[in-house]
Amino acid sequence: PGPVPFHSPRQAAVLAEPVRHTIVAAFDVVAQNRHELTELLRELTGRAAFLTAGGALAALGITGPPADSGVLGPEVPAGELSVLVGVGSSLFDDRYGLAARKPAKLKPMPVFPDDALEDRWCHGDLSLVLGASEPDTVLHALRDITRATRGGMQVRWKIDGFTSPPRPAGTPRNLLGFKDGTANPQPSELDRLVWTDDGGSYQVVRLIRMLVEFWDRVSLSEQESMIGRRRDTGAPLDGGQEHDVPRYAEDPVGTVIPLTSHIRLADPRTPRTDGERILRRAVNYDLGVDTNGNLDMGLVFTCYQRELERQFEAVQKRLEGEPLTDYVSPFGGGYFYLLPGVTDPADHYGRVLL
Ligand code: HEM
């Protein structure tokens, strides 16, 4: 599929093919009042529309700073960037008198039992996910947006993500070496599982560190038992190809695919749990080295669903204490509501809601 059109009833970039570079950022909104909040959302919409459509930059003034950072040269290329905008429950506190407008199921991300959350990496009034095939494109967009919205919002946290190309084929791999994103809902299931009735979606972001040095000392068969899939092909352990469907009914005690494997706990594929499925869009991150000299890398896990508790939290609860928890450690993220799409040039993010 080609670039997703900006004007659309839904922020359909959620469904686009994985791109190589992503920035996920959360902001604190500092607008002084409701009017300034609306101005902020208008400005954000205008920048997102321009940055995705591309074009020549506005003419230079004589004394002011140039129209943008210049990172992409004099013209922003068309169709390179995707933008996703969400809002956190904190935007609906007393500040702007929006309590009655809060999406019904939106709430702050709770702390789960295996979490080691750091406040500086958590929550936010607004979320932004930028995607492109080059790292300078997403950085340029972030700088353009932060500059245009200065006074209205400030970056709270930001993480760079990347996606591998198919190695050698199929779904991209995460930094544990396994294909990640294989079992996701089909296009025909999105209305039932992903989009809310007003064209939004609940967005979960989880920043999950991977203890890769520790993982790299585990045998391949043990790694595969923890995940429930083959590392090379991504096939379930009872199958031959990546997209083969695991046959749990034929393996009730987990001889081939252990009952404690990640995929079997995450989605036991029963009629009862069918409505709990989620759309996952994970990317890798690399933050360098921690203060103890360990490699600091992992997964920026994001997922989209119609409901947080019935879907993401139900899956997360089943994964509590899974063998994989010894090798991963969630340290940040938040819950957001991906706003309905911007339908036309007169519309702006959150117009219906706010
Ligand atoms: C599947 C890795 C965190 C939910 C998978 C797969 C891998 C994987 C390799 C199999 C391929 C695929 O279908 O995509 C990881 C790693 C994680 C992580 C390394 C943490 C660093 C999570 C979290 C959730 C989750 C936090 C949700 C709470 C799922 C689901 C599936 C899945 C629903 C599909 C299961 C199926 O239908 O077979 N994960 N995952 N994962 N994961 Fe995760």
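Because the structure is predicted, anything quoted here is derived from the model rather than measured.

1. Structural notes on the UniProt feature "domain: Dyp-type peroxidase C-terminal" (unreviewed entry) in the chain
And step 1. Feature annotation in UniProt assigns "domain: Dyp-type peroxidase C-terminal" (unreviewed entry) to the following positions: residues 171-342.
And step 2. Secondary structure over residues 171-342 splits into 19% helix and 24% strand, and the C-alpha atoms at its two ends are 30 Å apart.

2. What about the site of the ligand?
And step 1. The full set close to the ligand counts 26 residues, and Phe178, Thr182, Ala183, Ala266 and Asp267 are the nearest of them.
And step 2. Listed by contribution, the elements that provide at least two residues to the shell around the ligand are strand S7 (201-210), helix H6 (262-266), strand S10 (295-305) and helix H7 (308-319).
And step 3. In terms of residues, the shell around the ligand owes the most to one element, H7, which gives 4 residues.
And step 4. Residues that form the shell around the ligand fall into these classes: 15 nonpolar, 5 polar and 6 charged.

3. What to know about the packing of helix H1 (residues 34-53) against helix H2 (residues 135-148)
And step 1. At a minimum axis separation of 10 Å, H1 and H2 run at an interaxial angle of 155°. As judged from the angle between their axes, H1 and H2 are roughly antiparallel. In this structure, H1 crosses over H2, and the sense of that crossing is right-handed. Side by side, H1 and H2 meet where Glu43, Leu44, Arg47 and Leu51 of the first sit next to Ala141, Asp144, Ile145 and Ala148 of the second.
And step 2. Per-class residue counts for the contact of H1 with H2 are 5 nonpolar, no polar and 3 charged.

4. Notes on the nonpolar core
And step 1. Within the largest apolar cluster, 78 residues are counted, with the highest numbers of intra-cluster contacts made by Leu126 and Leu130.
And step 2. Beyond its immediate chain neighbours, meaning those up to four positions away, Leu126 contacts Ala26, Phe27, Val29, Val85, Gly86, Val87, Gly88, Leu91 and Met153.

5. Side note on the pairing of strand S5 (residues 126-132)
And step 1. Along S5, 7 of the 7 residues are buried, which leaves the element largely enclosed by surrounding structure.
And step 2. Alternating residues of S5 divide into Leu126, Leu128, Leu130 and Ala132 and Ser127, Val129 and Gly131, and every residue in both groups is buried.
And step 3. With 7 bridges connecting them, strand S1 (residues 21-29) and S5 associate as antiparallel partners. Within the sheet, the bridge partner assigned to Thr22 lies in S5 and is Gly131.
And step 4. Looking at chain direction, strand S4 (residues 82-87) and S5 are connected through 6 bridges and run antiparallel. Bridge assignment links Leu84 to a residue of S5, and that residue is Val129.

6. Here's the deal with H1
And step 1. The end-to-end C-alpha separation of H1 is 28 Å, in line with the 28 Å expected for 20 residues at 1.5 Å each.
And step 2. Considered for burial, the residues of H1 that qualify are Leu37, Leu40, Leu41, Leu44, Thr45, Ala48, Leu51 and Thr52. Seen from one end, H1 has its buried residues packed into an arc of 140°, which puts them on one side.
And step 3. For H1, the secondary structure elements touched by its buried residues are S1, strand S3 (75-76), S4, H2 and strand S6 (153-162).
And step 4. Positioned one or two residues after H1, Gly54 has a phi angle of 80°, which is positive.

7. Here's the deal with the environment of Leu279
And step 1. Mapped onto the elements of the fold, Leu279 is located in strand S8 (residues 279-280).
And step 2. Leu279 sits 116 residues away from Thr163 along the chain, and the two C-alpha atoms are 17 Å apart.
And step 3. Leaving out residues up to four positions away in the same chain, Leu279 has contacts with Asn184, Pro185, Leu193, Val194, Cys303, Tyr304 and Gln305.

8. Notes on helix H5 (residues 220-227)
And step 1. Listing the buried residues of H5 in full gives Ser225, Met226 and Ile227.
And step 2. Backbone geometry just after H5 places Gly228 at a positive phi near 100°.

9. Section: unusual backbone geometry
And step 1. In this structure, the amide linkage connecting Arg167 to the following residue, Pro168, adopts the cis form with an omega of -5°.
And step 2. You can see Pro168 is positioned in the loop between S6 and helix H3 (190-193).
And step 3. Phi is positive for His123, which is not a glycine, with a value near 65°.
And step 4. The topology assignment puts His123 in the loop between S4 and S5.
And step 5. Phi at Arg269 takes a positive value of approximately 55°, unusual for a residue other than glycine.

10. Description of the pairing of strand S11 (residues 328-338)
And step 1. Burial runs high along S11: 9 of the 11 residues are buried.
And step 2. Pairing analysis gives 2 bridges linking S4 to S11, with the strands arranged antiparallel. By the bridge assignment, Gly86 is partnered in S11 with Leu338.
And step 3. Note: S7 against S11, 10 bridges, orientation antiparallel. In the strand pairing of S11, Val205 is matched with Gly334.

Analysis parameters
Residues numbered from 1 in each chain as written. Predicted model: local features only at pLDDT ≥ 70, side-chain atom pairs only at ≥ 80, totals over all residues. UniProt positions renumbered as here; feature names shortened; annotations may be inferred. Helix = DSSP H or I, 4+ residues; strand = E, 2+ residues; numbered from the N terminus. Near = placed C-beta within 6 Å. Nonpolar A, V, L, I, M, F, W, Y, C, P; charged D, E, K, R; others polar. Axes fitted to C-alpha atoms, helices over the stretch in contact; angles between N-to-C directions. Parallel < 35°, antiparallel > 145°, perpendicular 65-115°, else oblique. Left-handed = near helix turned anticlockwise from the far one by under 90°. Contact = placed C-beta atoms within 7 Å. Core = buried A, V, L, I, M, F, W, Y, C linked by C-beta atoms within 7 Å. Buried ≥ 20, exposed ≤ 12 C-beta atoms within 10 Å, placed from the backbone. Pairing = 2+ DSSP bridges. Expected span 1.5 Å × (residues − 1). Arc of directions from axis to C-beta.

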